Amino acid sequence: MNEIIFYSYPSCTSCRKTKKWLTSNNVNFREKHIFRETPSYEDMMKILSLTTEGIDEILATRSQTFKDLGVDVNELSLSELIKLMIEEPKLLRRPIITNGNKLIVGYNESGLQKIAKKKAKHELKQSVS
């Protein structure tokens, strides 16, 4: 299993709740400051491949940054949208948590529990082998 990557922003309430949950449940993760370590184009493609709702799941359409752009996302190609989200990481919903196989956007305790259980099972298998 891949490591858990946690894209966050320190002043984001959902990010703080997620970090607290991960920490208190002894889940190992690598935290990336979403504005300083913005996901690369390849990372964004992988994240998108794990969504169930596509762009709508990770794009913060209610953010002031999005409103200020005045862009109709339906008129942009996928690569244009990804480039825009990389250039303007405030357009990304937060937090974004992935283990490479699953994706959680926002604070979602049941989703976090699923990722934590899978990671624990994988680590147990590794220690037994």
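Structure first, text after, so check above.
Definitions and cut-offs
Sequence order as written defines the numbering, with residues in each chain counted from 1. Where local features are concerned, this predicted model is filtered to residues with pLDDT of at least 70; where side-chain atom pairs are given and counted, the filter is 80 or more; whole-chain, interface and lining totals use all residues. To obtain the side-chain values, all non-hydrogen atoms of the structure were used and water was disregarded. What counts as a helix is a DSSP run of H or I of at least four residues, what counts as a strand is a run of E of at least two, and both are numbered from the N terminus. The rule is simple: take the accessible area with a 1.4 Å probe, protein chains only, and divide by the maximum for that residue type; under 20% is buried, over 50% is exposed, in between is partly exposed. In what follows, residue pairs with any heavy atoms lying within 4.5 Å of each other are defined as contacts. Note that accessible areas follow from Shrake-Rupley with a 1.4 Å probe, and for residues the cover is restricted to the protein chains shown. As used in this record, nonpolar core signifies buried Ala, Val, Leu, Ile, Met, Phe, Trp, Tyr and Cys residues forming a set joined through side-chain atoms within 4.5 Å. Of all possible arcs, the one meant is that of the directions from the helix axis to the C-beta atoms. Note on aromatic pairs: the rings of Phe, Tyr and Trp (six-membered ring only in Trp) are paired at centre separations within 6.5 Å, and the planes decide the class, stacked below 30 degrees, edge-to-face beyond 60, tilted for the rest.

Draft legend 1. Region of the structure containing the overall build of the protein chain. Looking only at helices and strands, the protein chain has six helices and four strands in total. Walking the protein chain from its N terminus toward its C terminus, one meets helices and strands in the order β-α-β-α-α-α-α-β-β-α. Considering the protein chain as a whole, with its 129 residues, one finds that 40% of them fall into the buried category. Considering only residue pairs separated by 6 or more positions, the protein chain has 68% of its internal contacts joining residues 24 or more positions apart. As presented, the protein chain carries roughly 7800 Å² of accessible surface, and 46% of it is formed by carbon and sulfur atoms.

Draft legend 2. Highlighting the side chain of His-33. Take His-33: it is sitting in strand β2 (residues 30–33). If near-sequence neighbours (up to four positions away) are discounted, His-33 is found in contact with Ser-8, Tyr-9, Pro-10 and Thr-38.

Draft legend 3. Broad picture of the nonpolar core. Judged by nonpolar contacts, the single largest core of 21 residues is most densely connected at Ile-58, Leu-59, Met-85, Leu-92, Ile-96 and Leu-103. Once you skip the residues sitting within four places of it in the chain, Leu-103 turns out to touch Ile-47, Leu-50, Thr-51, Glu-57, Ile-58, Ile-96, Ile-97 and Thr-98.

Draft legend 4. Unusual backbone geometry, seen in detail. The peptide bond linking Arg-94 to Pro-95 adopts the cis configuration, its omega dihedral lying at -10 degrees. Mapping Pro-95 onto the fold places it in the loop between α5 (78–87) and β3 (96–98). Even without being glycine, Asn-26 reaches a positive phi, approximately 55 degrees. Relative to the assigned elements, Asn-26 resides in the loop between α1 (13–24) and β2.

Draft legend 5. Up close: helix α2 (residues 41–50). Buried residues of α2: Met-44, Ile-47, Leu-48 and Leu-50, and no others. Axial view of α2: buried residues confined to an arc of 160 degrees, hence all on one face. Every exposed residue of α2 that faces more than 90 degrees away from the buried side is listed here: Glu-42 and Ser-49. Each element contacted by the buried residues of α2 is listed here: β1 (5–8), α3 (55–58), α5, β3 and β4 (103–105).

Draft legend 6. Layout of the packing of aromatic side chains. Inspection of every chain in the model, using the stated rule, returns two aromatic pairs. Between Phe-6 and Phe-29, the aromatic rings sit 5.5 Å apart at their centres with planes inclined by 85 degrees, giving edge-to-face as the arrangement. Residue Phe-6 is located in strand β1, and its partner Phe-29 is located in the loop between α1 and β2; the two are separated by 23 residues in the primary sequence. Owing to a relative accessible area of 0%, Phe-6 belongs among the buried residues under this scheme. According to the relative accessible area criterion, Phe-29 is partly exposed, its value standing at 23%.

Coordinates in, geometry out; function isn't part of it.
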